[in-house]
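Analysis of the macromolecular model
Listed here are the chains, written in short residue letters.
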Amino acid sequence: MINMANEKVAMPIQDGVTRRNNFDEVALGYDETMAKEEASRCLNCKHHPCISGCPVKVNIPAFIKEVAEGNFQKAYEIIHETSSLPAVCGRVCPQETQCESKCVRGVKGESVAIGRLERFVADWYRHHVKEEKKPPVSNGHKVAIVGSGPAGLTCAGDLAKLGYQVSVFEALHVAGGVLMYGIPEFRLPKEIVQHEIEGLKQQGVTIECNSVIGRSESIDELFEDGYEAIFIGTGAGLPNFMNLSGENLKGVYSANEFLTRCNLMKAYQEGADTPIQKPNKAVIVGGGNVAMDAARCAKRLGVEEVSIVYRRSMDELPARKEEVEHAMEEGIQFQLLRNPIRVIGDESGWVKGVECVEMMLGEADESGRRRPVEKPGSNFIIEADCMIMAIGTSPNPLIRSTTEGLDTNRKGCLITDEKGKTTREGVFAGGDAVTGAATVILAMGAGKTAASAIHEYIQNKE
Amino acid sequence: MYTIVKKERLNPTVTKMVVLAPKVAKKAKAGQFIILRVHENGERIPLTIADYDRVNGTVTIIYQIVGKTTMLLNQLKEQESILDFVGPLGKPSNIEGLKNVCVIGGGVGCAIAYPTAKALHEQGSNVTVISGFRNKDLVILQKEFEQVSDHSYLVSDDGSTGKKGLVTDVLKELIEQGSQFDEVIAIGPLIMMKFVCQMTKQYNIKTTVSMNPIMIDGTGMCGGCRLSVGGKTCFACVDGPDFDGNLVDFDEAISRGATYKDFEQKEREATCNLLQKEA
């Protein structure tokens, strides 16, 4: 029986007031009844448009059908055929612009809650199935993956399934990349990330932490060590600043630093050795998911007033709608059509305010969004003892500056073809290192594409 | 895990550790640093590489016991292990072609100045070392400096060892007496490097300083280590740690270095109390 309700089964969540005092996960997840009820909203369309919206091509109608019938393990196996990290994707993918945007049910009402169902299936599997995955029979070929974020892990998982001996090199002391240092615990519990990584290890993937490729070893040395192909998934890199006066005052953070202290180094927990400032009033500059994450972390650290300053309007906010709504429920203020022009410091070198100007939207720029222009004379000051810059990143120079024959574009992003091949033979790349800052699922899609290109490359070499 | 093969107390607050880290040792060069973490909830701290031995696969670090992490590090004994030890990070010092160099080390900064002096000496440069300490109890690496320098001068704030005075006093004297340095390399407390640079600027001598700001990842991701160099923001971990001292905004660096002063003070006292109780 198809459930013809026009709305998704509601997701149970912690309410805004409670959750802004803890780092526990906001969305609590469907139970079995809710999952089956939601799954039965799927029409199982013949032309399955949802799959075309998924960067890793999960067989969505097939897994949802199993959920509707209560075959949760079967559902997991279907997802796992194409996705190495279902518990992660179910939580952080922007489904509303991907699979769910193509859902036929979305024409008249809300689309099927594909993301929530994916999350349910992955969580159910994690809680109910304890069997260890077995490494497939080795095909004798070695591949190195640089970076253990979503691109690297996906590429590693796909290659391991094909029998490759995969080594992942990670610069930090723990694997997971942005899933560990960037995305906060309340959106993506770290235990889940580590569980997914454990699964990859069981499939034979080895992970070497504390390895900074480009410094501890070069790409050329990896080839000398017998790796036949190398995938570079080093992520977004250096945080951008605006070159404002006062930007290096104490209390000004990049979002990367603020989030790394909070998430990776667990500065929010009592007893962590890594310090983080406990400000009274924080200004976050930027309108993406990273800005929302930083703002919501600040709130949870006890900051009374948290404001997001964004130079365009609500309609142009690049963050996911759900993240913006959650931020608002938690009491984050939105200062839209505002732009910082100067950071004001006190006599001891701490931030005490951010001078902003009002903006208005002019003609559309090359990105298609209307270009913000300053309103002359509209200057005003937001009082704040902390400012967090969440305005994107520029690629890390470590690998490109130590590797011959690896071409980059004007911005420093690695140049690849549509399959992830770089200009250097045997070297592939994907994720933010290629595209500049983007999403987890796009990085996973790139990792997946590169894995099949690497497979083809090595098979043809023989 | 990275085994401590040797631990040696250089003075009451400064310790030398030789750590087994073959991959780091294989690549290490003067001027580069490592980041270590002592335990599971520990912070990541950067320490400059004081020496390395490619044959035995070891890296030497020299640290001053200043805060919680260095206190915990100092609790570890020979044959015990450091949890994480990553490197080499940062750009190596660029010393190629230098003929006549004055290397200045202040306090524990001498640990960083030493490998640079050694590398200069090995490439045949004429090396003058000026090292300065608060008092005689804090002196480190004097023998080592003598072995890798053509001239070596020691000063202390209170005159309890060497000549009483500051490193800048000696530098000024040498310059006034006609020493022609291609470059001065100054490594030590920010305030010392600031005054060295103020002086060399007057004489128009190129001066390189090694910056050691607050850092988390050390690979260019967090931006915590940023400093103003010639009006531009640089990241010490990927653009440095060596910079043209005459362009560095030292006052800003000094201010930023004190960001977590209160937190560090509290942690230090708590750790002190805890260690005393345990002992």
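Details of the structure are given in the entry above.
Residues numbered from 1 in each chain as written. Chains lettered and ligands numbered in written order. Predicted model: local features only at pLDDT ≥ 70, side-chain atom pairs only at ≥ 80, totals over all residues. Heavy atoms only, no water.

Observations regarding the overall build of chain A
- On a plain count of helices and strands, chain A comes out with 16 helices and 16 strands.
- Relative to a compact globule of 462 residues, whose C-alpha radius of gyration would be 23 Å, chain A shows 23 Å and is just as compact.
- With the principal axes as the frame, chain A shows a C-alpha extent of 65 × 60 × 50 Å.
- The buried share among the 462 residues of chain A stands at 60%.
- Counted over contacts in chain A with a minimum sequence separation of 6, partners at least 24 positions apart contribute 70%.
- Working note: accessible area of chain A is about 18,500 Å², and carbon and sulfur atoms make up 49% of it.
- Where the 52 positive side-chain charges of chain A centre and where its 64 negative ones centre are 4 Å apart. (Helix = DSSP H or I, 4+ residues; strand = E, 2+ residues; numbered from the N terminus. Rg over C-alpha atoms; globule rule 2.2 N^0.38 Å. Buried < 20%, exposed > 50% of the residue type's maximum accessible area, 1.4 Å probe, protein only. Contact = heavy atoms within 4.5 Å. Areas by Shrake-Rupley, 256 points an atom, 1.4 Å probe, with all protein chains shown as cover. Lys, Arg positive; Asp, Glu negative; His and termini not counted. Charge placed at Lys NZ, Arg CZ, Asp CG, Glu CD.)

Notes on the packing of aromatic side chains
All names here are of chain A.
- As enumerated under the stated definition, the model contains 11 aromatic pairs over all chains in all.
- Centre to centre, the rings of Tyr253 and Phe258 are 5.4 Å apart; their planes meet at 75 degrees, and the pair counts as edge-to-face. Each of the two residues, Tyr253 as well as Phe258, counts as buried.
- On the basis of an interplanar angle of 65 degrees and a centroid distance of 5.7 Å, the ring pair of Phe428 and Tyr457 is categorised as edge-to-face. Here Phe428, found in strand S16 (residues 427-429), pairs with Tyr457, found in helix H16 (residues 440-461); they are 29 residues apart in sequence, far enough to count as distant. (Phe/Tyr/Trp six-rings, centres within 6.5 Å; stacked < 30°, edge-to-face > 60°.)

A closer look at the sheet that holds strand S4 (residues 229-232) of chain A
Residue and element names in this part refer to chain A.
- The strand order across the open sheet formed by five strands is S3-S2-S1-S4-S16, and the pairing between neighbours is parallel. Looking along the sheet, the strands with just one partner apiece sit at the ends: strand S3 (206-208) and S16. This sheet shows a mean twist of 20 degrees between the axes of neighbouring strands, independent of strand direction.
- Inspection of the sheet shows S4 paired to S16 by three bridges, in the parallel sense. When the bridges of S16 are listed, Phe231 appears paired with Phe428.
- Strands in contact with helix H8 (residues 150-161) are strand S1 (142-146), strand S2 (165-169), S3 and S4; relative to S1, the strand with the most contacts, it is inclined by about 165 degrees. (Pairing = 2+ DSSP bridges. Axes fitted to C-alpha atoms, helices over the stretch in contact; angles between N-to-C directions.)

Concerning the interface of chain A and chain B
- Listed per partner, the contact involves 42 residues of chain A and 44 residues of chain B.
- Overall, the association of chain A and chain B removes approximately 3,500 Å² of surface from exposure, summing both partners, and the carbon and sulfur fraction of that is 52%.
- The largest share of the area that chain A buries against chain B comes from A:Arg215, A:Asn248 and A:Asp273, three residues that together contribute 24% of it.
- Between the two partners, chain A and chain B, sit four salt bridges.
- Where B:Lys27 meets A:Glu221, a salt bridge forms, and the shortest distance between an N and an O atom there is 2.6 Å.
- For the pair chain A and chain B, the number of links is 23 residue pairs in polar contact (both at pLDDT 80 or more).
- Contributions of two or more residues to the side of chain A that touches chain B are made by strand S5 (238-239), strand S6 (252-254) and helix H12 (255-264) of chain A.
- Broken down by class, the residue content of the side of chain A that touches chain B amounts to 17 nonpolar, 16 polar and nine charged. (Buried area = accessible area lost by both parts, 1.4 Å probe. Salt bridge = Lys/Arg side-chain N within 4 Å of Asp/Glu carboxyl O. Polar contact = N/O pair within 3.5 Å; in protein donor to acceptor, adjacent residues only side chain to side chain. Nonpolar A, V, L, I, M, F, W, Y, C, P; charged D, E, K, R; others polar.)

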